[in-house]
Amino acid sequence: MYAFEYLKPTSIKEAKAMLADNPDGKFLSGGHTLLPAMKLRLAGPSALIDLSGVEGMRGIERKGDTLVIGAFTKHREVANSDVVKAAIPTLAEMVGTIGDPAVRHRGTIGGSIANNDPSADYAAAAMALGATIVTDSRRIAADDFFTGLFSTALEEGEIVTAVEFPIPKRMGYQKFRNPASRYALCGVAVAETASGEVRVSVIGAGADGVFRMTEMETALKGNFSADAIKDIKVPTDAMASDIHADQDYRAHLVGVMARRAVAAAK
């Protein structure tokens, strides 16, 4: 690991000023991607700007038909929240399967969203629920936020402050986990929104990160059942392929996990 300066601001204004003074610096949230990269000397920021002390970026609140979660809220807090369990029970269950206890006690929703790991569960939930990512300067729809592998619409120095999840009529989520890392080889989130729209999102399987299955969405809008999508063929050319699973296997998993997610929706 290369030498760096550790900074801990107490406000967004202070955090952005620190970044301006350290243009090679990086904001630090949970650190589950950045710190391992630094240990391997794949990243060498001049400063780590720890956002954990910034006020107003933590907490869970239901506002009408929307669930608002502060960016620095830990995974375990979301999984154990009675507010989340009452509003979107599947979201609480999903977050309870992220990584392992150590990851859930340290990782944050804002860090996960901003990093956009292709296997990150929150991306699937945000896309399926039509969430809005709130930053220090604007609001970004989930469909516009996730732009590719480890890539988002965030501009340099922009900070995620909260995520707003519309409360759906029902939602289901199922994933097939790598037995060692517990990251999803394929995860599928299915949601029927309050307006009756059906959204299906996939993580872990796509070569370009999280994506929506529009053919499944159309089929489920007319008949919200596993049978409605059982004959839909998932194209293999857009699937990822690695030592854990090839394109054909991941395409197969998308169909299996989607049907299970529909059956489990509540």
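Up top is the structure.
What comes next concerns the included structure.

Calculation notes
Residues numbered from 1 in each chain as written. Predicted model: local features only at pLDDT ≥ 70, side-chain atom pairs only at ≥ 80, totals over all residues. Heavy atoms only, no water. Phe/Tyr/Trp six-rings, centres within 6.5 Å; stacked < 30°, edge-to-face > 60°. Buried < 20%, exposed > 50% of the residue type's maximum accessible area, 1.4 Å probe, protein only. Helix = DSSP H or I, 4+ residues; strand = E, 2+ residues; numbered from the N terminus. Lys NZ or Arg CZ within 6 Å of the ring centre and 35° of its normal. Pairing = 2+ DSSP bridges. Arc of directions from axis to C-beta. Contact = heavy atoms within 4.5 Å.

Our next topic: the packing of aromatic side chains. A complete count under the given rule lists two aromatic pairs for this structure. Ring geometry for Phe 145 and Phe 146: centres 5.1 Å apart, planes at 85 degrees, overall edge-to-face. Looking at Phe 146, the relative accessible area reads 8%, which means it is buried. Centroid distance Phe 176 to Tyr 249: 6.2 Å. Interplanar angle 90 degrees. Geometry classified as edge-to-face. Of this pair, Phe 176 sits in strand E11 (residues 170–177) while Tyr 249 is found in helix H11 (residues 247–264), placing the two residues 73 residues apart along the sequence. One Lys or Arg, Arg 41, reaches over the ring of Tyr 2 and ends 4.4 Å from the middle of that ring.

With six of its seven residues buried, strand E10 (residues 160–166) lies for the most part within the structure. For strand E5 (residues 66–70) and E10, the ladder comprises five bridges, and the chain directions are antiparallel. Along E10, the bridge assignment pairs Leu 67 with Phe 165. In this sheet, E10 lies alongside strand E6 (residues 132–135) in antiparallel orientation, the contact comprising four bridges.

Let us now look at helix H10 (residues 214–222). Residues of H10 that are buried include every one of Met 216, Glu 217 and Leu 220, and no others. One side of H10 carries all its buried residues, which in axial view fall inside an arc of 100 degrees. Exposed side chains of H10 directed beyond 90 degrees from the buried face belong to Thr 214, Thr 218, Lys 221 and Gly 222.

Turning next to the environment of Val 188. Turning to its location among the elements, Val 188 is positioned in strand E12 (residues 184–192). Among the residues examined, Val 188 registers a relative accessible area of 0% and is labelled buried. With 15 residues separating them along the chain, Val 188 and Ile 203 place their C-alpha atoms 6.5 Å apart. Setting aside residues no more than four positions away along its own chain, Val 188 makes contact with Gly 172, Tyr 173, Gln 174, Val 200, Ser 201, Val 202, Val 254, Met 257, Ala 258 and Ala 261.

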